[in-house]
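Residue-level structure breakdown
Spelled out from the first residue to the last, the chains are:
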Amino acid sequence: GQQVMQIPQYQHVQEGEDFTTYCNSSTTLSNIQWYKQRPGGHPVFLIQLVKSGEVKKQKRLTFQFGEAKKNSSLHITATQTTDVGTYFCAVYSGGGADGLTFGKGTHLIIQP
Amino acid sequence: GAGVSQSPRYKVAKRGQDVALRCDPISGHVSLFWYQQALGQGPEFLTYFQNEAQLDKSGLPSDRFFAERPEGSVSTLKIQRTQQEDSAVYLCASSLERRDPYGYTFGSGTRLTVV
């Protein structure tokens, strides 16, 4: 099935700095979803990207889907302490399998 | 209900005990998924239901794991003869359709600790 690599695994930033996490696949993806999980919490859906080259924004968050639909990124501008957590990308496995496959996530740690 | 409800929130089991974890999805959500999440890792797919039918159980790690959703709403994940490697958070998620563009809604999970 589909596998996705997320980098970096951990990212320490000062509050107010920008943050980016990347999700890469060796095969073309039909779509990609992003989730956020706060410490001690559960994953919460952020967005789905479907089209080649698509860019979507949610306040300080910018999501991009690569032209070849093999990679995606999530960029946060001017991080705040409320952004702390783990950001996961998730894709549907190949062959019509039913469940989303999640990346290992990027843990965002913010130093005030 | 307003969200996905899971119980118990925490479960400590002695090695060899059987456990049952409950998931109450959002009313009307056809699709229900179980995931296992180890500490510091991403959720790993276990099984998928469409209504009462279990359409994919490819992620269940062994035949000690069993899931059911007999009336197409509440689901139970049962683990027999628990082992220490079963210690993890078990997440349930539901969605309106199998590949929902609005993603999955996850419950708060059950943290299982096998001692």
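Quick look at the structure, then.

Rules used throughout
- Residues numbered from 1 in each chain as written.
- Chains lettered and ligands numbered in written order.
- Predicted model: local features only at pLDDT ≥ 70, side-chain atom pairs only at ≥ 80, totals over all residues.
- Heavy atoms only, no water.
- Helix = DSSP H or I, 4+ residues; strand = E, 2+ residues; numbered from the N terminus.
- Buried < 20%, exposed > 50% of the residue type's maximum accessible area, 1.4 Å probe, protein only.
- Contact = heavy atoms within 4.5 Å.
- Pairing = 2+ DSSP bridges.
- Salt bridge = Lys/Arg side-chain N within 4 Å of Asp/Glu carboxyl O.
- Buried area = accessible area lost by both parts, 1.4 Å probe.
- Polar contact = N/O pair within 3.5 Å; in protein donor to acceptor, adjacent residues only side chain to side chain.
- Nonpolar A, V, L, I, M, F, W, Y, C, P; charged D, E, K, R; others polar.
- Axes fitted to C-alpha atoms, helices over the stretch in contact; angles between N-to-C directions.

With that out of the way, let us pick up the environment of Pro112(A). Residues and elements named next belong to chain A. Positionally, Pro112 belongs in the segment after β11 (106-111). Residue Pro112 is classed as exposed on the basis of its relative accessible area of 80%. Excluding residues that lie within four positions of it along the chain, Pro112 makes contacts with Gln14 and Glu15.

A word on the pairing of strand β7 (residues 61-65) of chain A. Residue and element names in this part refer to chain A. Across the five residues that make up β7, a large majority, four, are buried. In this sheet, β7 lies alongside strand β6 (residues 55-58) in antiparallel orientation, the contact comprising four bridges. Of the residues in β7, the one forming a bridge with Lys56 is Phe63. Counting the residues in the hairpin turn of β6 and β7 gives two residues, including Lys59, whose phi is positive at 50°. One ladder, built from five bridges, connects β7 with strand β8 (residues 71-76); its direction is antiparallel. Bridging from a neighbouring strand, Leu61 pairs with Ile76 of β8. Linking β7 to β8, which pair antiparallel, is a turn of five residues; within it Lys69 sits at a positive phi near 55°.

All names here are of chain A. One pass over the structure, following the stated rule, counts five salt bridges over all chains. Here Asp83 makes a salt bridge to Arg60, at a shortest N to O gap of 2.9 Å. In this pair, Asp83 sits in the loop between β8 and β9 (85-92) while Arg60 sits in the loop between β6 and β7, placing the two residues 23 residues apart along the sequence.

Further remarks concern the interface of chain A and chain B. Each side of the interface is counted separately: chain A has 21 residues, and chain B has 23 residues. Carbon and sulfur atoms supply 47% of the area that chain A and chain B bury against each other, a total of about 1700 Å² over both sides. On the surface where chain A and chain B come into contact, there are zero salt bridges. Here chain A is connected to chain B by six residue pairs in polar contact (both at pLDDT 80 or more). At three residues, strand β4 (residues 32-37) of chain A tops the list of elements feeding residues into the side of chain A that touches chain B. Partitioned by chemical class, the residues of the side of chain A that touches chain B number eight nonpolar, 11 polar and two charged.

Here we take up the sheet that holds strand β8 (residues 75-79) of chain B. Residue and element names in this part refer to chain B. Sheet architecture is open: four strands sit in the order β1-β3-β8-β7, paired in antiparallel fashion. This sheet does not close on itself; its edge strands, each paired only once, are β1 (5-7) and β7 (65-68). In this sheet, neighbouring strand axes are inclined to one another by 15° on average, regardless of whether the strands run parallel or antiparallel. For strand β3 (residues 19-24) and β8, the ladder comprises five bridges, and the chain directions are antiparallel. Along β8, the bridge assignment pairs Cys23 with Ser75.

Looking now at the environment of Glu67(A). All names here are of chain A. Examined against the element boundaries, Glu67 turns out to sit in the loop between β7 and β8. When the C-alpha atoms of Glu67 and Glu54 are compared, they prove to be 8.0 Å apart, with 13 residues separating the residues in sequence. If we ignore the near neighbours within four places in the chain, the residues touching Glu67 are Ser52 and Gly53.

Before going further, it helps to spend a moment on the sheet that holds strand β1 (residues 5-7) of chain A. Residue and element names in this part refer to chain A. With antiparallel pairing, five strands are arranged side by side in an open sheet as β1-β3-β8-β7-β6. Looking at the sheet topology across the chains shown, the edges are occupied by β1 and β6. Geometrically, the sheet is characterised by an average inter-axis angle of 15° between neighbouring strands, direction not taken into account. Taken together, the three bridges between β1 and strand β3 (residues 19-24) define a ladder with antiparallel strand orientation. The partner of Gln6 across the bridge, within β3, is Cys23.

A cis amide bond links Ile7(A) to the next residue, Pro8(A), at an omega of -5°. A cis amide bond links Ser7(B) with the next residue in sequence, Pro8(B), at an omega value of -10°. The topology assignment puts Pro8(B) in the loop between β1 and β2 (10-13). At Lys69(A), a residue that is not glycine, the phi angle is positive and equals roughly 55°. Tracing the sequence through the fold places Lys69(A) in the loop between β7 and β8. Its identity is not glycine, yet Ala78(A) carries a phi of approximately 50°, on the positive side.

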